[in-house]
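Okay, here's what each chain looks like letter by letter:
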Amino acid sequence: MTEHDAPSTEDLDRLLTLQGIDDEIRRLEHQLDGLVEQQQLDELVGQDTLLAQGDTELDEQLERVKRDQRQVEGEIDALGQRLEEERTRLYEGSLSSAREIQAAEAEIASTSRRRSEHEDQLLEIMERAEEAEGRLDDLRGVRASLAERIAEATQARDAAAQELLVRITEVKVRRDPVAAAFPAELLARYEQAAERGGGTGVGVLRHNACTACRITFPMNEINGYLMGPPLTTCSQCRRLLIVPA
Ligand SMILES: [Zn+2]
């Protein structure tokens, strides 16, 4: 650093003020990224995602049961119609031979038996449908109350995030005039160092160490700093280093 652009004491103070402001912004942004309200919301949404999967599966299961039900109902109808036709043939007296009558009676008996089997099957299917409907209703009840909790959690998250965003904006408003007061070259050096240094761009030589990286310097290096300019670069972390007079 040449004599020409040696920073003033005010600039050095401002550097630390700027670092303080940037630390605060970073802390608030970190809080924003790790909001408890967001974690709670994520957890509830995760629960609902699982339940939604169950919802879809149950719904599909119910659809299949209903399809079976319609099919068996159709078969029962067809068997009923066939019974009616056979009975009509039998009782209208259109059958003359004993053999024809016997065949019709046998047909009626077997059709009737098959219909009764189908009716039992239908009852069983309807029970399954009822059970699936009950489970689906329960699940949807749980999801409805979960949806309320998700809405509340979303509100809480939004409120917490909004509050932090407002605070971040306020701090940034405070930063602007501080940053504007710097020589452009010094501000650029600070910002580059901060970007490389995880947000911290400047340290102070204090207790024989750099406050940014906390590494203690050997004595000869400290003497070098003390005899050098008030603003230099930390040999360890390459951040700006303020050497107090
Ligand atoms: Zn350092």
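## A short note on the sheet that holds strand β3 (residues 231–233)
Spatially, the 4 strands line up as an open sheet ordered β2-β1-β4-β3, and their pairing is mixed. Each having just a single partner strand, β2 (209–210) and β3 make up the two edges of the open sheet.

## Describing helix α3 (residues 98–180)
An ideal rise of 1.5 Å per residue puts 123 Å on 83 residues; α3 measures up with 115 Å between its terminal C-alpha atoms. Residues of α3 that are buried include every one of T111, H118 and A153, and no others. Of the surrounding elements, those touching the buried residues of α3 are α2 (36–91).

## Description of the pairing of strand β1 (residues 202–206)
Pairing of β1 with strand β4 (residues 240–242) involves 3 bridges; the strand directions are parallel. Following the sheet pairing, V202 is matched in β4 by L240. As defined by bridge partners, β1 adjoins β2 across 2 bridges and the pair is classed as antiparallel. The residue of β2 that forms the bridge with L205 is C210.

## Details of the domain arrangement of the chain
Taken domain by domain, the chain holds domain 1 (1–32 + 183–245) and domain 2 (34–177). Inter-centroid distance (C-alpha atoms) of domain 1 to domain 2 is 66 Å. Contact residues are listed per partner, giving 9 residues for domain 1 and 10 residues for domain 2. By residue class, the composition of the side of domain 1 that touches domain 2 is 5 nonpolar, 2 polar and 2 charged.

## Topic: helix α1 (residues 9–33)
Quick reminder: α-helices carry 3.6 residues per turn. Residues three or four places apart thus point the same way. Between its first and last C-alpha, α1 extends 36 Å over 25 residues, near the 36 Å set by a 1.5 Å rise per residue. Taken together, the buried residues of α1 touch α3, α4 (184–196), β1, β3 and β4.

## Comments concerning the environment of C237
Mapped onto the fold, C237 is located in the loop between β3 and β4. Using a count of 19 C-beta atoms within 10 Å as the deciding quantity, one classes C237 as partly exposed. Placed 23 residues apart in sequence, C237 and R214 show a C-alpha to C-alpha distance of 9.4 Å. Discounting chain neighbours no more than four positions away, the residues touching C237 are G197, C210, A212 and C213.

## Structural notes on unusual backbone geometry
Phi is positive for H207, close to 50°, though the residue is something other than glycine. With a phi close to 65°, R214 is a non-glycine residue in the positive phi region.

## Here's the deal with the environment of E24
Here E24 lies in helix α1. When the C-alpha positions of E24 and V171 are compared, they lie 7.6 Å apart, and in sequence the two are 147 residues distant.

What counts as what
Residues numbered from 1 in each chain as written. Predicted model: local features only at pLDDT ≥ 70, side-chain atom pairs only at ≥ 80, totals over all residues. Pairing = 2+ DSSP bridges. Helix = DSSP H or I, 4+ residues; strand = E, 2+ residues; numbered from the N terminus. Expected span 1.5 Å × (residues − 1). Buried ≥ 20, exposed ≤ 12 C-beta atoms within 10 Å, placed from the backbone. Contact = placed C-beta atoms within 7 Å. Domains from an automatic or database assignment. Nonpolar A, V, L, I, M, F, W, Y, C, P; charged D, E, K, R; others polar.

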